[in-house]
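Per-entry structural report
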Amino acid sequence: MTAPRVVTPSTGASTTGAASERIAGQLRTAILAGDIAPGERIRQEEVAERLGTSRLPVREALRILEAEGLTEHTAHIGSRVPRLDPAELDVLYKMRERLEPLALTESLPHLTAGEIRELESIHERIAADTELSEFMVLDRAFHLGSYAGCASEQLSSTVTRLWNSTQPYRRAFMSLGGQQRRWLVDHEHRLILDAIERRDSEDAERYLAGHIRRTRIELAAHPEVFAPATARSGA
């Protein structure tokens, strides 16, 4: 009897996959940092030339990022970072208001003491921080870290996708505010963290929903955050 043939991935396929993940990681960092702005095209040939690779892993990397909500592909245009209008952003924030409190409630019983200590550390760093770039990284780490115990992959991935889609506008919004807005965000984080430490899902949901809702309402009052980055900078 002939033994069944075992099919293994070719070295070329695995190499391409690794390259795609690496390229996706670099592009993801650039998009989340605001180096690639909403509406800006990502040309496969330019990325491939800059990184010294073929277009195939770049194409696969863009598919990864599209699944994460960081890029979109349009026929005859190609890939770009999505640009939202006020109504679209409002809906995404309303989705966050409903889904993130659920993710936090699902996460709360499963957060370890070490994970809660890490959230405390992140909160302390946010309170002491004065740089917007560092704040955006820490704010993301604080919230997504608080959902780390959520066992539902579907819920967790949806929440992350919503964060990815709204981050450029959150960045623009925070850049408009001064120390007073930072103080308010810090105060809201403290309330959320206190509820997490007490494992109080009711308070945690209420504080988190209010935190997201306030940002949604304030964003609606600042239409300038939807302008292209060059227009906001006066260039």
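That block above? That's the structure.
Okay, so let's go over this structure.

Procedures and definitions
- Residues numbered from 1 in each chain as written.
- Predicted model: local features only at pLDDT ≥ 70, side-chain atom pairs only at ≥ 80, totals over all residues.
- Heavy atoms only, no water.
- Core = buried A, V, L, I, M, F, W, Y, C linked by side-chain atoms within 4.5 Å.
- Buried < 20%, exposed > 50% of the residue type's maximum accessible area, 1.4 Å probe, protein only.
- Helix = DSSP H or I, 4+ residues; strand = E, 2+ residues; numbered from the N terminus.
- Contact = heavy atoms within 4.5 Å.
- Salt bridge = Lys/Arg side-chain N within 4 Å of Asp/Glu carboxyl O.

Within the largest apolar cluster, 37 residues are counted, with the highest numbers of intra-cluster contacts made by L89, L104, F142 and I196. Residue assignment for this core shows that the elements contributing at least two residues are α4 (86–107), α5 (113–128), α6 (132–146), α7 (153–176), α8 (179–197) and α9 (201–220). In contact with L104, other than residues within four places in its own chain, are S146, Y147, I192, I196, A204 and L208. Ranked by size, the runner-up nonpolar core spans 16 residues in total, among them L32, I42, L62 and V81.

Turning to the pattern of salt bridges, a few remarks are in order. Pairing is possible between side chains that carry opposite charge, provided their charged atoms lie close to one another. Applying the stated criterion across every chain, the model contains 16 salt bridges. Its salt-bridge partner being D194, residue R198 comes within 2.9 Å of it at the nearest N-O pair. In this structure R198 comes out as partly exposed when scored by relative accessible area, which is 40%. Linked through salt bridges whose partners overlap, the residues forming this network are D90, K94, E97, R213 and R216.

Another point: unusual backbone geometry. Backbone geometry places H76, a non-glycine residue, at a positive phi of 70 degrees. Inspection of the secondary structure assignment puts H76 in the loop between β2 (72–74) and β3 (78–80). Accessibility expressed as a relative area gives 86% for H76, which makes it exposed.

The values reported here are purely geometric and, on their own, carry no functional implication.
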